[in-house]
Amino acid sequence: MHFKARTARLNLFFVLLLSLSSTLAFAKDSENSHVDTDKLLEQQLDVLKPTLNQAIASVNVVQLLQRNSYEKITIDNNSSDKIFQSYLDTLDRNRSFFLASDIKEFEPYRNELDSALKSGNLKPAFDIFNRYMQRSEERIRFALKYLEAGLNNIDFNKKESLTIDREKSPWLADRKAQEDLWRRQLKDSVLNMKLNEKPLKEIQELLHKRYTNQLRRLHQTRNEDAFQLYLNAFTQLYDPHTQYFSPQRAETFDINMSLSLEGIGAVLQSEDEYTKVVSIVPAGPADKAGQLKPGDRIIAVSQGENGKFEDVVGMRLDEVVKLIRGPKGTQVKLETIPSTSKDGKTRIYPITRDKVKLEEQSAQKEIVTIKQGDRDYRIGVIEIPAFYIDFKAAQAGDPDYKSTTRDVRKLLKELNKENIDGLIIDLRSNGGGSLQEANQLSGLFINDGPTVVVRDSRGRTEPQQDPDPEEVYHGPMAVMINRLSASASEIFAGAMQDYQRAVIIGSQSFGKGTVQTIQPLNHGQLKLTVAKFYRVSGQSTQNRGVIPDISFPSLFNKEDIGESALPNALPWDEINPAKFKAFDPLTPFMPALRERHNKRISNNPDFLYLKDLKTFQQRYDSKNSITLNEKERRNETEAMRKERLRLENQLRKAKEKPVYKSLEELEEAQNANVSQYGKREDDKPEEDALLMESGNILADMIELSSRYIADSAKQ
């Protein structure tokens, strides 16, 4: 078993599970790239038009959402304005394509989209999309023409910069401003590659191929692409998890939900021109390899040991997915820009495709020893990567079917026999899963009572009851969470906190407290939110998540990660609490627990490192412009790398480990320690500072509660 600190950044738009097998084969390179650029430039873009089936589907979506969605929205001029803004943001969030004159021309649509949707009139949506296509083609043609002049003509000594996030910037005033922005963006791409030691000739060839491929894909855009983007700009008004799937996307979604897990085990999204890693599937090939992290941006993909890298910047998400998917046992290499590096340096990660085996996602146990004073505390730790259940085996009557609750029950009985003093349930980065399992797992630690309340779109509430009166574990307990602990994890952690059954340790959880269902349409299907979760105390887990009793430093930025960071996320609220009987309160111990915790971490090298690293990340995340002067960029990059290396070596010195002369040396050493099973030399529970401090907190609680009981007995 190994425990890992996981870091990620999360932001959802379109999400595909890349860990699933596919019968689709990606087209050969010769079929994709051997297109004469001159002929491609001579082609005219098709003017896309909606179909009757799409018009009917749009009406059906409006009616279904108004009738069945948890959130009730009146479709009127106010919502029309929001749809208009959402659609523009979907197409051009960074305001790099549309001109101010385009927006002025579209202005009459601002108050018309509500009635247009209700009647199935898709002309406004397609007018806007066709203009976006036109501007996209103009940008590609501009880039190709610019590249023809040669990269030697770029002045890298000029003092100029590029705004990174233009979401709140004014729309481009005219063509001159537009081309100046495009030039700067292209210059930034060239400079990034130069900093990664690519020669200008190779950069020119790579960029020429990139933009030629983008132009080819642009000409392959069909009306279904426009329709899906438009409907999702509308559905996002309800909440970020309400989505329309076109027939092709619906088919892919169904395949993903039914086939065995096979691939690399990662969830991806499109963000601007990049393919970004949203999360890593526990026990999947990427997780085992231990290199690819959430927030990393994939810029190129190669097949096999010596395959040629194919640039994927600007490529459609489904095409990137086809490139990365593949048969079990084959290798894929990903060139990425790591989310944590901040220096623009790319890394290459080899991953061997494989099936994600359910048994490898199973809960696992460990015992750690916590030394405090003259006593050693034996703390049992159960890591739960997901709330899983083998539905097929269970329905077939298999007496040995696997599930979270069954596995944890077995582990608890083993730990009880090993005479542990306390228990930690580790739910860090557990994205959830089966509600049934969250309910039943909670029941292992309470005698009876509700564990969660589900409220539907009509306001009806239904508490989920503990199905088993047996309390398998009676002793002191802590639950670890972080920003990526979501859904079923939050239900369990919230129940343990409300019942005063465990001290909750870590950072604020994700805040995913809604339930979705799939509704088939005449054309595609609709995923819509139909219910909301509430804790037995009456508090929603939605948006706010679970607030820990004792907080740890977190590298996750709540502005970027979590339900509250998503557009139009449903709010946190409360209902009447359910009837339940809490355990003896832990609240009286909290001040002392926090005081002891704060004293310990004041000189703990790992916690000091996390604090410094967070400050480091915030300093560079807050920058909204980057220099396009090569000397300045190199100096900034070198300063970043020196600071990052200093932080790493400072931690290593404090832990009496050898220091490294460069980040490259450190990364090579770390990668060399990864075995075929993804375990590192230092991948031990004792090296997980957050886990060990949680053990210290639990040991404190055991001592304080014992002292409280002894004092009470004297009275």
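Located above this text is the structure these notes cover.
Residues numbered from 1 in each chain as written. Predicted model: local features only at pLDDT ≥ 70, side-chain atom pairs only at ≥ 80, totals over all residues. Heavy atoms only, no water.

Of the regular secondary structure elements, the protein holds 22 helices and 22 strands. Of the roughly 32100 Å² of accessible surface on the protein, 48% is carried by carbon and sulfur atoms. (Helix = DSSP H or I, 4+ residues; strand = E, 2+ residues; numbered from the N terminus. Areas by Shrake-Rupley, 256 points an atom, 1.4 Å probe, with all protein chains shown as cover.)

Remember that side chains alternate between the two faces of the sheet whenever the strand is regular. The alternating pattern of strand E18 (residues 503–506) places Val503 and Ile505 on one face and Ile504 and Gly506 on the opposite face, and all of these are buried. Handedness of the crossover is the feature at issue here: the chain leaves strand E17 (residues 477–481), passes through helix H17 (residues 488–498), returns alongside E18, and the resulting connection is right-handed. (Buried < 20%, exposed > 50% of the residue type's maximum accessible area, 1.4 Å probe, protein only. Right-handed = clockwise from strand over helix to strand, strands pointing away.)

Below, the discussion takes up the side chain of Ser487. Within the element layout of this structure, Ser487 appears in the loop between E17 and H17. What makes Ser487 buried here is its relative accessible area of 14%.

Once that is clear, we can look at the pattern of salt bridges. Within this structure, the stated rule accounts for 51 salt bridges. Close ionic contact of Arg131 with Asp102 constitutes a salt bridge, the shortest N to O distance being 2.7 Å. One end of the pair, Arg131, is in helix H7 (residues 123–148); the other, Asp102, is in helix H5 (residues 100–106), and 29 residues separate them in sequence. A relative accessible area of 17% means that Arg131 is categorised as buried. Between Lys158 and Glu160 there is a salt bridge whose closest N-O contact spans 4.0 Å. (Salt bridge = Lys/Arg side-chain N within 4 Å of Asp/Glu carboxyl O.)

What follows deals with the packing of helix H3 (residues 52–68) against helix H10 (residues 223–235). Where H3 contacts H10, the axes come no closer than 11 Å and their chain directions differ by 15 degrees. Accordingly, the angle class assigned to the pair H3 and H10 is roughly parallel. Considering only the axes of H3 and H10, their crossing is right-handed. Here Gln54, Ala57, Ser58, Val61, Val62 and Leu65 of H3 lie close against H10, whose contacting residues are Asn223, Glu224, Phe227, Leu231, Phe234 and Thr235. (Axes fitted to C-alpha atoms, helices over the stretch in contact; angles between N-to-C directions. Parallel < 35°, antiparallel > 145°, perpendicular 65-115°, else oblique. Left-handed = near helix turned anticlockwise from the far one by under 90°. Contact = heavy atoms within 4.5 Å.)

Glancing now at the pairing of E17. The element E17 is largely enclosed, with a buried count of five among its five residues. Bridge count between strand E14 (residues 422–426) and E17: four bridges; the pairing is parallel. Paired with Leu423 across the two strands is Met477, which belongs to E17. (Pairing = 2+ DSSP bridges.)

Here helix H18 (residues 590–601) spans 16 Å end to end across twelve residues, near enough to the 16 Å set by a 1.5 Å rise per residue. Among all positions in H18, only Met590, Leu593, His597 and Ile601 are buried. Viewed end-on, H18 has its buried residues packed into an arc of 65 degrees, placing them on one side of the element. Away from the buried face of H18 by more than 90 degrees, exposed residues Pro591, Glu595 and Lys599 are located. (Expected span 1.5 Å × (residues − 1). Arc of directions from axis to C-beta.)

Along its 17 residues, helix H19 (residues 605–621) runs 24 Å from first to last C-alpha, staying within 8% of the 24 Å computed at 1.5 Å per residue. Here H19 has its buried residues at Asp606, Phe607, Tyr609, Leu610, Leu613, Phe616, Gln617 and Tyr620. Two to three positions downstream of the cap, the backbone nitrogen of Asp606 sits 2.9 Å from a side-chain oxygen, assigning the N-cap of H19 to Asn604. (Polar contact = N/O pair within 3.5 Å; in protein donor to acceptor, adjacent residues only side chain to side chain.)

As enumerated under the stated definition, the model contains 14 aromatic pairs in all. An angle of 70 degrees between the planes, with centres 5.4 Å apart, marks the rings of Phe97 and Tyr132 as edge-to-face. Taken together, the residues Phe97 in the loop between helix H4 (77–92) and H5 and Tyr132 in helix H7 connect sequence positions 35 residues apart. Look at Phe97 and you get buried, because its relative accessible area is 14%. (Phe/Tyr/Trp six-rings, centres within 6.5 Å; stacked < 30°, edge-to-face > 60°.)

It is worth spelling out the environment of Arg166 at this point. Inspection of the secondary structure assignment puts Arg166 in the loop between strand E2 (161–163) and helix H8 (175–195). For Arg166, a relative accessible area of 11% translates into the label buried. Measuring from C-alpha to C-alpha, the distance between Arg166 and Asn94 comes to 4.7 Å, with 72 residues separating the pair along the chain. If we skip the residues at most four places from it in the chain, Arg166 touches Arg93, Asn94, Arg95, Ser96, Leu172 and Leu181.

Right, let's get into the nonpolar core. In this structure, Phe98, Ile128, Phe129 and Phe234 are the most contacted members of the largest nonpolar core, which totals 58 residues. Setting aside its immediate chain neighbours within four residues, Ile128 contacts Phe84, Tyr87, Leu88, Leu91, Phe98, Phe106 and Tyr109. Of all hydrophobic cores here, the second largest spans 44 residues; its members include Phe387, Val408, Val479 and Ala488. (Core = buried A, V, L, I, M, F, W, Y, C linked by side-chain atoms within 4.5 Å.)

Let us now look at the sheet that holds E18. A sheet is described by the order of its strands in space; here six strands give the open sequence E12-E13-E14-E17-E18-E21, paired in mixed fashion. Of all strands in the sheet, those bounded by a partner on one side alone are strand E12 (364–372) and strand E21 (550–551). With five bridges connecting them, strand E13 (residues 375–383) and E14 associate as parallel partners. Bridge assignment links Glu383 to a residue of E14, and that residue is Asp426. Here helix H15 (residues 404–417) sits on the sheet and contacts E12, E13 and E14; the angle it forms with E12, its principal contact strand, is near 40 degrees. In the packing of H17 onto the sheet, the strands contacted are E14, E17 and E18, and the crossing angle to E17 comes to about 145 degrees.

Our next topic: the packing of H4 against H10. Relative to each other, H4 and H10 sit at 130 degrees, their axes nearing to 8 Å. With respect to each other, H4 and H10 are oriented oblique. Considering only the axes of H4 and H10, their crossing is right-handed. On H10, the residues that touch Ile83, Ser86, Tyr87, Thr90 and Leu91 of H4 are Ala226, Leu229, Tyr230, Ala233 and Phe234. A breakdown of the residues in the contact of H4 with H10 according to their chemical character gives eight nonpolar, two polar and no charged. (Nonpolar A, V, L, I, M, F, W, Y, C, P; charged D, E, K, R; others polar.)

As for its position among the elements, Lys512 is in the loop between E18 and strand E19 (514–520). Although buried, Lys512 forms no salt bridge, and the nearest oppositely charged side chain, Glu563, lies 6.3 Å from it. In this structure the side chain of Lys512 is engaged in a polar contact, spanning 3.0 Å, whose partner is the side chain of Gln516. Look past the residues within four positions of Lys512 in its chain and what remains in contact with it is His241, Ala486, Ser487, Glu490, Thr541, Gln542 and Glu563. (Lys, Arg positive; Asp, Glu negative; His and termini not counted.)

One non-glycine residue, Glu197, adopts positive backbone phi at about 65 degrees. Taking the relative accessible area as the measure of exposure, Glu197 reaches 57% and is therefore exposed. Of note in this structure, Gln500 is not a glycine but carries a positive phi near 60 degrees. Structurally, the position occupied by Gln500 is in the loop between H17 and E18.

Bringing the environment of Gly329 into the picture now. Relative to the helices and strands, Gly329 resides in the loop between helix H13 (317–324) and strand E9 (331–337). You can call Gly329 exposed: its relative accessible area is 56%. Measuring from C-alpha to C-alpha, the distance between Gly329 and Ile351 comes to 9.6 Å, with 22 residues separating the pair along the chain.

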